Amino acid sequence: MTQTFAQKVESAAQLAYSNAAPDMASKAEICNSIQTVINELWSMPHELAVAYISESYSHIGHQALAVRMFKNQSV
């Protein structure tokens, strides 16, 4: 089963939290973990990446952060 954008981003963020336990993960740690998803998106044709994001995107969780990273906007 292929994961959606939302699932990949939330899984990556959860990994950052798990690795930081018992402390909270920092924004930098979360961004580092999400970067693997962003790198995958950047390797796709732009139109395909945008369509992949759009299929499952919501403003819930870490997805907005990931989209800002994808667009090279400040996080």
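All figures in this text were calculated on a predicted structure; none of them were measured in a lab. (Residues numbered from 1 in each chain as written. Predicted model: local features only at pLDDT ≥ 70, side-chain atom pairs only at ≥ 80, totals over all residues. Heavy atoms only, no water.)

Peer 1: Account for the nonpolar core, with residues named and values stated.
Peer 2: Judged by nonpolar contacts, the single largest core of 21 residues is most densely connected at Phe5, Ile30, Ile34, Ile38 and Leu41. In this structure, Leu41 is in contact with Phe5, Ala49, Tyr52, Ile53 and Phe70, ignoring residues within four places of it in sequence. (Core = buried A, V, L, I, M, F, W, Y, C linked by side-chain atoms within 4.5 Å. Buried < 20%, exposed > 50% of the residue type's maximum accessible area, 1.4 Å probe, protein only. Contact = heavy atoms within 4.5 Å.)

Peer 1: Tell me about the confidence of the model for the chain, residues and numbers included.
Peer 2: Here the chain shows a mean pLDDT of 94. Residues at 70 or above account for 99%. Here helix H4 (residues 63-70) is the element of the chain with the lowest mean pLDDT, 95, and helix H2 (residues 27-42) is the one with the highest, 97. (pLDDT = per-residue confidence, 0-100. Helix = DSSP H or I, 4+ residues; strand = E, 2+ residues; numbered from the N terminus.)

Peer 1: Before we move on, could you go through H4 and cite the residues and values that matter?
Peer 2: A large share of H4 lies buried, amounting to seven of its eight residues. Listed as buried for H4 are Gln63, Ala64, Leu65, Ala66, Val67, Met69 and Phe70. Packed against the buried residues of H4 are helix H1 (5-20), H2 and helix H3 (46-56). Just downstream of H4, Asn72 is the residue with a positive phi angle, here 60 degrees.

Peer 1: Describe the side chain of Gln63, listing the residues and the values that go with them.
Peer 2: With respect to the element layout, Gln63 can be found in helix H4. Assessed through its relative accessible area of 4%, Gln63 is described here as buried. In this view, Gln63 contacts Phe5, Ala6, Val9, Glu10, Ser56, Tyr57 and Ser58; residues no more than four positions away in its chain are not counted.

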